[in-house]
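Reading the structure
If you want the building blocks of each chain, they are given just below.
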Amino acid sequence: MIQHDVVIVGAGLAGMRCALEACKELDVAVLTKVYPSRSHSGAAQGGIAASLGNVEPDSWEEHMYDTIKGGDFLNDQDAVEEYVKAAPRVIYELEHMGCIFSRTSDGKIAQRSFGGHSKPRACFSADRTGHAILHALHEQLMKNAKSVKIYNEWYMHSLIVDGDRCNGVVVSNVQTGEVEVLQAKAVVFATGGYGRVFKITSNAFASTADGVMAAFDVGLPLEDPEFVQFHPSGLYRQGILFSEAARGEGGYLLNGNGERFMEKYAPSRMELAPRDIVARAEQSEINAGRGVNGEDCIHLDLRHLGEARIMERLPQIRQLGIDFIGVDCITDCLPIQPTAHYSMGGIPTDKHCHVIRDEKGTRMNGFFAAGECACVSVHGGNRLGTNSLLEAVVFGERAGRSALEYAVGIDYGNVNEGQEKAKVLEKLEDVYQRDGSESYNDIRNEMKEVMMTHCGVFRDEEKLKICIETLKGLQERFKKGKVTDKGKLFNTEIYEVLELGNMLGMALIIASAALERKESRGGHFRTDFAIRDDANFLHHSMVFNSPEGPVIKKKSVVITKHQPAERTY
Ligand SMILES: Cc1cc2nc3c(=O)[nH]c(=O)nc-3n(C[C@H](O)[C@H](O)[C@H](O)COP(=O)(O)OP(=O)(O)OC[C@H]3O[C@@H](n4cnc5c(N)ncnc54)[C@H](O)[C@@H]3O)c2cc1C
């Protein structure tokens, strides 16, 4: 049995930052199903938030209030406070690690405006910020190679638990197909989001809910899964992201009549209102028949920014437009629509990144989570742009520290290697043998379609019930699929089937929690309950597994400084 003091699943920003902390004193393994620099963090474009005040005076207090108002007052405010206070320090640390940030004319780290932030506080590397940070962290990990072992292209199947303690994970080496047990004193999940359950999404192919479902499958709850963020500027029909930085730099949104329609929806912030508001405004224009050329898209207009600014600040966005649809944003508008982008919900943790087992906050020993797969919850019902990279770095570090403190001086827990391996081998064998008539591609496409149309930007009871029934039907059909590649070496078909199983489970959890929340808050909008209802729904959802399907309980919101107020922009 392979042993490491700390096993971290995920090598995005959260996983790598975590490893750098834990490896200061312990032997650490980082496991990732894609090569580390292919983690979705590398696709992040616009920036990372911190109240440095390099462009305009700013403070952590303002960052805190913007984050809470942006989250529609569902955020846990104690966690938000510590997180925004840490932001300036972690930015300078990243800079000292070698991360290249864009600069002001006097040499400071440049900062630009972003939706819902009242001050320009996004630090950035042109429009490739995630790429710059991910590579800086990867270099640091290489430097620490003696105490960190990276398992590249290994797939995590399941968590090993013994009562209230987590003791390791069961994994496959994708290259050889061998199943192994990794025993650990502490396990950290940094497995990212699950946007791939939707048809139109900005997320990478690897964002498939494996981590959250592995936690759910051992009886742990998931928090606030109904809150999914739709980003306003996904490439029409494809979902690929044009960063909010485009609007941060001054881009306009135009409907089919050429009007800057945000005037009607958020007159004071216009295109830089929070994402939930802008995405709904776009969808409302489209639904009212004011899409561009009668289609389901609107226009992102950057032409007035001029070639010099676009080439300096938004070069990747320009290239994406040219490569994917042959449109150059220097001279033409880009067609866009809302795209599933970020998962506010996830594995519930306390503010020290310990995973919790129930709505009272009881800890699961030896298990930690950070980054997009976790729900701390600093984002509440809607995350502000650039707050997620910050979350991954701040809580990645913190998870590493907490795992280290937990694992120092304790022994390995009980693991029955044969039994743990057998459970996974049996599941794998079942998948290998499948020879039914159903196509996994069809099942995947139907799941994505129904989630987009029935559990997307606008939801209601009737649609959600249809969505749930459809997903249950797809889960039945999933058992009757056909696997054609029976080989062991690099059998990606098998992993795609396992990922689809996880996504079907997660989709059902999202829709079930969305049905239960009979109000509109942040990214969750019910046309049949169109207002926020603090009297009945100012709580987090905690979704538990049961033989009858997902069961939803309530967890209270931590409110310290800011009482819920009306949210206008
Ligand atoms: C296109 C795009 C642009 C964005 N731009 C910004 C931005 O400008 N600013 C901002 O703040 N946020 C942005 N975000 C959001 C932000 O990038 C993510 O929330 C954040 O990077 C998530 O980091 P993470 O470390 O939690 O997960 P990820 O970077 O997604 O990494 C997940 C890791 O888990 C591993 N993994 C998952 N499942 C398994 C398994 N079964 N076995 C083994 N390994 C597994 C993967 O291999 C990967 O290494 C953007 C997101 C997208 C999609």
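Residues numbered from 1 in each chain as written. Predicted model: local features only at pLDDT ≥ 70, side-chain atom pairs only at ≥ 80, totals over all residues. Heavy atoms only, no water.

1. Overview of the side chain of Asn75
In this structure, Asn75 sits in the loop between α2 (60–70) and α3 (77–97). Residue classification places Asn75 among the buried positions, given a relative accessible area of 0%. A polar contact is formed between the side chain of Asn75 and the backbone oxygen of Thr67, at a distance of 3.1 Å. (Helix = DSSP H or I, 4+ residues; strand = E, 2+ residues; numbered from the N terminus. Buried < 20%, exposed > 50% of the residue type's maximum accessible area, 1.4 Å probe, protein only. Polar contact = N/O pair within 3.5 Å; in protein donor to acceptor, adjacent residues only side chain to side chain.)

2. Overview of unusual backbone geometry
At the junction of Val376 and Ser377, the peptide bond is cis and its omega measures out at 0° in the coordinates. Within the element layout of this structure, Ser377 appears in the loop between β18 (374–375) and α11 (387–407). Even without being a glycine, Arg237 presents a positive backbone phi close to 70°. Counting through the fold element by element, Arg237 comes out in the loop between β11 (228–235) and α6 (245–248).

3. Let's talk about the environment of Lys555
If you trace the backbone, Lys555 turns up in strand β20 (residues 551–556). Judged by its relative accessible area of 10%, Lys555 is buried. Taking the C-alpha atoms as reference points, Lys555 and Asp224, separated by 331 residues in sequence, lie 9.8 Å from one another. With sequence-adjacent residues up to four places away left out, Lys555 is seen in contact with Asp76, Glu223, Ile356, Glu359, His539, His540 and Met542. Within polar-contact distance, the side chain of Lys555 engages the side chain of Glu223 at 3.2 Å. (Contact = heavy atoms within 4.5 Å.)

4. Some details on the nonpolar core
Counting residues in each nonpolar core, the largest one holds 83 residues, and the members touching the most others are Val169, Phe189, Phe367, Met447, Met451 and Leu471. With 16 residues, helix α15 (residues 492–516) is the largest single contributor of residues to this core. Discounting chain neighbours no more than four positions away, the residues touching Met447 are Arg196, Val197, Leu471, Leu474, Leu500, Met503, Leu504 and Ala507. Core analysis: the next-biggest nonpolar cluster, separate from the first, contains 61 residues, Ile68, Phe368, Ala392 and Ala407 among them. (Core = buried A, V, L, I, M, F, W, Y, C linked by side-chain atoms within 4.5 Å.)

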